[in-house]
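Fold and geometry: a report
Spelled out from the first residue to the last, the chains are:
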Amino acid sequence: QILTEQCVKCHGGEKTKGEFDLTTREGLLHPGAEGVNVIPGNSAGSRLMKLIRHEVDPGMPSKGEPLSAEAVAKIAAWIDGGAAYDRPLVEKGSAKRGHAEVTEEDRRFWSFAPLGAVAPPDVGEASWGRTAVDRFILAKLAEKGIAPNRTAERRRLIRRAYLDLLGLPPKAEEVESFVNDPDPRAWERLIDRLLTSPQYGERWARHWLDLARFAESHGYEHDYDRNNAYHYRDFVIRALNQDMPYDRFVKLQIAGDEIEPDNPQALLATGYLAAGTHATQITVATAEKERYDELDDMASTVGTSLLGLTVGCARCHDHKYDPIPTRDYYRLISTFTTTVRSDLEIDTDPAGYQKEKGAFDRKHKVLADGLAKYEKEELPGRLDAWLAKGERAKTPKWLVPEMASAKSSGGATMAKQEDGSYLVSGKRAQHDVYTFTTASNTPMRGITAIKLEELSHASFVKGGPGRADNGNFALSDFVVTVTPAHEKVAAAAAVKLQNPKATFEQKNFPVAATIDQDGTSAWAVDPQFGKDHAAAWELETPLDLEPGATLTFTLKFQNNTGHGIGRPRLSVTTAALPLALEGEQGGAVALEVNAILDKAAADRSDAERGKLLAYYRSIDPAWKKLNGAVQEDLKRAPQSKKFKALVCSEGVAPLRLHTSLPDIPDFYPKTYLLKRGDVNQKDGEASAGPLTILTRAPDAERRWQATPPAGSKLSYRRTALANWLTDVGAGAGNLLARVMVNRLWQHHMGRGLVATPNDFGAQGARPTHPELLDYLATQLIANRWQLKAIHKLIMTSAVYQQSTEWDEKRAAVDRENALCWRRPVMRLEGEAIRDSMLYVSGQLDPTMFGAGTLDESMRRRSIYFFVKRSKLIPMMMLFDWPDSLQGLGQRSSTTVAPQALALMNHPQIQGYAAAFAKRLLPVAKESLEGAVRQAYASALSRPPDAAELVESVEYLRTAGELEPALKNFCQTLFALNEFIYVE
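Residues numbered from 1 in each chain as written. Predicted model: local features only at pLDDT ≥ 70, side-chain atom pairs only at ≥ 80, totals over all residues. Heavy atoms only, no water.

Next up on the list: the overall build of the chain. Secondary structure assignment for the chain yields 36 helices and 17 strands. Counting every position in the chain, which comprises 983 residues, the buried fraction comes to 52%. Restricting the contact set of the chain to residue pairs at least 6 apart, pairs at least 24 apart contribute 72%. For the chain, the accessible area works out to roughly 43,000 Å², and carbon and sulfur atoms hold 51% of it. (Helix = DSSP H or I, 4+ residues; strand = E, 2+ residues; numbered from the N terminus. Buried < 20%, exposed > 50% of the residue type's maximum accessible area, 1.4 Å probe, protein only. Contact = heavy atoms within 4.5 Å. Areas by Shrake-Rupley, 256 points an atom, 1.4 Å probe, with all protein chains shown as cover.)

Time to look at the nonpolar core. For soluble globular proteins, nonpolar side chains are generally found buried alongside one another. Ranked by internal contacts, the top residues of the largest apolar core, which has 177 residues, are W208, F235, Y246, I254, L306 and W745. With nine residues, the top contributor of residues to this core is helix α25 (residues 733-749). Apart from the residues lying within four places of it in its own chain, the contact partners of L306 are W208, Y246, V250, I254, Y272, T301, L725, L735, L736 and V739. Of all hydrophobic cores here, the second largest spans 35 residues; its members include L399, L551, L555 and V572. (Core = buried A, V, L, I, M, F, W, Y, C linked by side-chain atoms within 4.5 Å.)

Moving on, we come to α25. Note that an α-helix has 3.6 residues per turn; residues three or four places apart therefore point the same way. End to end, α25 covers 24 Å across 17 residues, agreeing with the expected 24 Å (1.5 Å per residue, within 8%). A large share of α25 lies buried, amounting to 16 of its 17 residues. Phi turns positive one or two residues past the end of α25, at G750, with a value near 90°. (Expected span 1.5 Å × (residues − 1).)

The geometry of helix α32 (residues 907-926) relative to helix α33 (residues 928-940) is characterised by a closest axis approach of 6 Å and an angle of 145° between their N-to-C directions. For the element pair α32 and α33, the recorded crossing hand is right-handed. Of the residues in α33, those touching α32 at F916, R919, L920, V923, A924 and E926 are L928, G930, A931, Q934, A935, S938 and A939. Its residues assigned to classes, the contact of α32 with α33 shows eight nonpolar, three polar and two charged. (Axes fitted to C-alpha atoms, helices over the stretch in contact; angles between N-to-C directions. Left-handed = near helix turned anticlockwise from the far one by under 90°. Nonpolar A, V, L, I, M, F, W, Y, C, P; charged D, E, K, R; others polar.)

So, about the confidence of the model for the chain. Averaged over all residues, the pLDDT of the chain equals 90, while 96% of them reach at least 70. A low-confidence stretch, residues 92-99 (pLDDT under 50), is modelled with ten contacts involving residues beyond four sequence positions or located in other chains. (pLDDT = per-residue confidence, 0-100.)

Another aspect to go through is helix α34 (residues 946-958). The first and last C-alpha atoms of α34 sit 18 Å apart over 13 residues, in line with the 18 Å expected at 1.5 Å per residue. The backbone nitrogen of A947 has a side-chain oxygen 3.2 Å away, supplied by the residue at the start of α34, namely D945. Remark: G960 follows α34 within two positions and exhibits a positive phi of approximately 105°. (Polar contact = N/O pair within 3.5 Å; in protein donor to acceptor, adjacent residues only side chain to side chain.)

Once that is clear, we can look at the pattern of salt bridges. For the structure on display, the rule yields 63 salt bridges. Put simply, R392 and D598 hold a salt bridge, and the shortest N to O gap is 2.8 Å. One end of the pair, R392, is in the loop between α18 (379-388) and β2 (398-400); the other, D598, is in the loop between α19 (589-597) and α20 (606-617), and 206 residues separate them in sequence. Among the salt bridges present, the one from K496 reaches E540, with a minimum N-O distance of 3.9 Å. (Salt bridge = Lys/Arg side-chain N within 4 Å of Asp/Glu carboxyl O.)

Moving on, we get to the packing of aromatic side chains. Throughout the structure, instances matching the rule amount to 25 aromatic pairs. When the ring of F974 is compared with that of F979, the centres are 5.1 Å apart and the planes differ by 55°; the resulting orientation is tilted. Judged by its relative accessible area of 1%, F979 falls in the buried class. Here a set of aromatic residues connected by ring pairs shows up, and it is made of W208, F214, Y232, F235, Y246, F249 and W785. We note R860 situated over the ring of Y864; from NZ or CZ to the ring centre the distance is 4.0 Å. (Phe/Tyr/Trp six-rings, centres within 6.5 Å; stacked < 30°, edge-to-face > 60°. Lys NZ or Arg CZ within 6 Å of the ring centre and 35° of its normal.)

One can describe the packing of helix α31 (residues 897-905) onto α32 by two numbers: an axis separation of 6 Å at closest approach and a directional angle of 45°. With respect to their mutual orientation, α31 and α32 come out oblique. Touching A902, L903, M904 and N905 of α31 are P907, I909 and Q910, all from α32. Within the contact of α31 with α32, the residues separate by chemical class into five nonpolar, two polar and no charged. (Parallel < 35°, antiparallel > 145°, perpendicular 65-115°, else oblique.)

For D247, the position within the fold is in helix α12 (residues 246-259). Despite its burial, D247 pairs with no opposite charge, the nearest such side chain being K251 at 5.6 Å. When neighbours within four sequence positions are excluded, D247 is seen to be in contact with T726 and W785. (Lys, Arg positive; Asp, Glu negative; His and termini not counted.)

Here we take up the environment of T847. Checked against the element boundaries, T847 lands in the loop between α29 (830-840) and α30 (874-878). In this structure the C-alpha to C-alpha distance between T847 and R392, which are 455 residues apart in sequence, comes to 51 Å. What T847 contacts, discounting residues up to four positions off in sequence, is R860 and Y864. A distance of 2.7 Å separates a polar atom in the side chain of T847 from a polar atom in the side chain of D845.

Once that is clear, we can look at the sheet that holds strand β6 (residues 432-438). Spatially, β3-β6-β12-β8-β9 is the arrangement adopted by the five strands of the open sheet, whose pairing is antiparallel. Strands at the two margins of the open sheet, each flanked by one partner only, are β3 (403-408) and β9 (493-494). Sheet analysis places β6 next to strand β12 (residues 550-557), joined by six bridges and oriented antiparallel. Paired with D432 across the strands is F557, a residue of β12. (Pairing = 2+ DSSP bridges.)

Let us now look at the pairing of strand β11 (residues 533-545). With eight bridges connecting them, strand β7 (residues 444-454) and β11 associate as antiparallel partners. Paired with I447 across the strands is L543, a residue of β11. Taken together, the four bridges between strand β10 (residues 497-502) and β11 define a ladder with antiparallel strand orientation. When the sheet's bridge partners are listed, Q498 is paired in β11 with E538.

Our next topic: the side chain of E538. With respect to the helices and strands, the residue E538 is situated in strand β11. Although E538 is buried, it forms no salt bridge, and the closest oppositely charged side chain is K501 at an N-O distance of 5.6 Å. A polar atom in the side chain of E538 sits 2.9 Å from the side chain of N499. Those residues in contact with E538 that lie beyond four places of it in its chain are T448, A449, K496, L497, Q498, N499, L577, P578 and L579.

The next point concerns unusual backbone geometry. Residues other than glycine predominantly adopt negative phi, and peptide bonds predominantly adopt the trans conformation. Here G464 and P465 are connected by a cis peptide whose omega angle stands at 20°. Looking at the element boundaries, P465 is found in the loop between β7 and β8 (477-483). Look at the link from L577 to P578: it is a cis peptide, with omega at 10°. Within the fold, P578 resides in the loop between β13 (568-573) and β14 (585-587). Positive phi, close to 70°, is recorded for N508, a residue that is not glycine. If you trace the backbone, N508 turns up in the loop between β10 and β11. A positive phi angle, close to 65°, is found at C820, a residue other than glycine. Residue position: C820 is located in the loop between α28 (808-813) and α29.

Before going further, it helps to examine the environment of L828. Looking at where L828 falls in the secondary structure, it is placed in the loop between α28 and α29. Of the residues examined, L828 reaches a relative accessible area of 1% and is grouped as buried. For the pair L828 and K713, spaced 115 residues apart in sequence, the C-alpha to C-alpha distance is 46 Å. If sequence neighbours within four positions are ignored, L828 has contacts with L163, I833, F979, I980, Y981 and V982.

Summarising burial for β6: six of the seven residues are buried, a large majority. Strand direction decides the pairing type here: β3 and β6, joined by five bridges, are antiparallel. Paired with A406 across the bridge in β6 is F436.

Our focus in this paragraph is the state of the cysteines. This model, assessed by the stated rule, comprises zero disulfides. C316 forms no disulfide, and the closest cysteine sulfur to it belongs to C313, at a distance of 9.8 Å. On the accessibility criterion, C316 (37% relative accessible area) is partly exposed. (Disulfide = S-S within 2.5 Å.)

Here it is, written out as structure tokens:
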């Protein structure tokens, strides 16, 4: 009777969870999803008994009150007696078959139940509490008879707050100011100030990107880059800094293109759906399965990141533990039937640009008309006067040849400029090869040297001249070949280069590396950024370039990631050696002009007359002045704010890789319910709809739907999903709020109120403080879904401000600290460790937003690393960086030997220590004690104790040369647990 009343409904009656059917003895003894559940004659060893005694998760019954002690004893006696059956518990044919039904009992499960009005418990006149949060904590502690820890000292608190909210330590002067601030509201003011810092968004966006499985490559074997994916990361940072209401934050990521079609940021938000892996080698045989895999990725990520539910488990069968029927799963993925990834061009302000351009064009026309009038009425006569004098075109020392082609193997755009240089933009490959080939109409005799200029430009970081994140480049090889005009010559011949010279060489990166036998050694110019540089190579033998012959210049960048030259210009000279970099620069057109001048005037064609006019105007003073004014004015022309971003939408050009199939929405315009997840077993079309378990509205099919505007290519199915997700009254809003406040608590307190942040279902952990969880959720909703208010509520509580002191007596009662009687000891993530080292050493580049990089020497915050799934940053991986294959709600926090080895030996960390030492050196020359105190204050937010001070000063005094000793001392501070832990 007990089994029939309490267990059969979920285990063989209406459904069969965990593959455990106890309606018959055969089903009872058959291994379920977790193995054998009952051993006849051995109740102590039977998993069923551990489940109903709540000794292992999930305790049974999973909903409602546990079985009474008397009932548990009867089941144990029955198992010990052999677990006999006199008949099946459900008569054959009486159990419900097909899709599981969602019942009202299912809806009473704690996470699916509505939020109620939760009043903080009465804990008397407790002096420890500061906020309502503390009353919930105190009530649970009182039940166990234990007390919370005292409040931590202010030095620890300010470091804790900075690292929590910004991921960076406080400056020494900020610590001292806070420690000595007599204002009782000093802590609250500190929290308010940190929440307004732009670095807050950079810190907390990384937590969200873990959930969104954000990466900038497709994954799988070839793992091609997604160079426009970073805009989604930037959206998340901006949204968090603006304190965008969380319900709107969610809606835009699901359907921003539908909800706010004229808002570029809303389009960028849909990068959330695009962030998952994507197969790039799709054949006819695999196409349909790959499409269902993509739909599964979108729906499963929505489930885990937003609702804390493992929705994807219902793909092949009804969810074994949670009330999610397979039909609901397919209704959910049907939402995304026509949703595709697209590299979409986005214009952030088309109307504003057109208005500005119209006004500019009207003003600019006055200058342009003046130039055109001069060219028509004055310039031809001035040319004739010049010709009458018998003048010749002046040949510059360095001739810039006309190029027939300019290519980038990495897919960058090469735009020719008026001065003969090429502006490189667009795609920035990990490694690249530039190839320039001269036109065949520029013969030249006696070429003695070749020059490559690296010109700066405002579009580059720090002005360039390189495309790297710090403005540098790294030219690993420079190769020149000549191709004769004769058709019988099969291959180009290499031109031997020697005696290279450069305007500047970075240490250990000489220009000679461009013609050595090492394919990765390179020439670079750090730290001389924002200025022009040049290099030149002598030819071993002077070269005669015959008519029809061409030169090909090959520039290889194999040394470092994205370190191409941003604006190269090539030139040649016939001047006598030895080589000199100086000398006037000009186009090879002078040679052609003089050839025309050698002809009699009557023999010159109209085209040749035009070339003479074009040359003359370049030396005519009046034309140069008028043209200079025109060109200078063009620099002030408004720029269209267009850019490409990876988004998810409908009716747009899908991102196509290696597939010859039609576009996916055309090829598979419908989503079907699949038996056992098999595309060959379709069971009718699946219409879009929400999860039944989180739907409490009789008009669910139309309640959240929106009507697409006339002519729209958008289905607005995603808008319906977004509306359902955020509907507190009848949709999933209650669970959405619970899951998010639990994540905030987890990151602040080291452990969520629900210890399984991505699983609020039957297999997940139960909340340690269910009333507090619901209280925080209701506060989030009441505060218009603004997250900063919840941050402040948690951080101003006494439970957050506790010390980390350990007490074995209290630990014996609650060793896992589930009741929050102390502040847990928390290690920093890899990003915060690296960023803190850069910050303390004075090297952190605060530049926000923009494309990321794989260059480990980057000095921006770690959130701007390019996340390539097959080439993750090694240092980040050491400290448990996610692989981004699926959403991650909680990172591991491992302690392994390679972490210590990296802190001691990693070149980057040694570099941070050296930079830190340089900051301390002036102080150390005046006072070793002063340098030690400053180092401790900067790195650890505290002064050294007496022993640390004495030992550190003694080491610096006796270690030999001061700067190397300081470097070792600084690296020691970086390697301390106290540095890589919050406290």
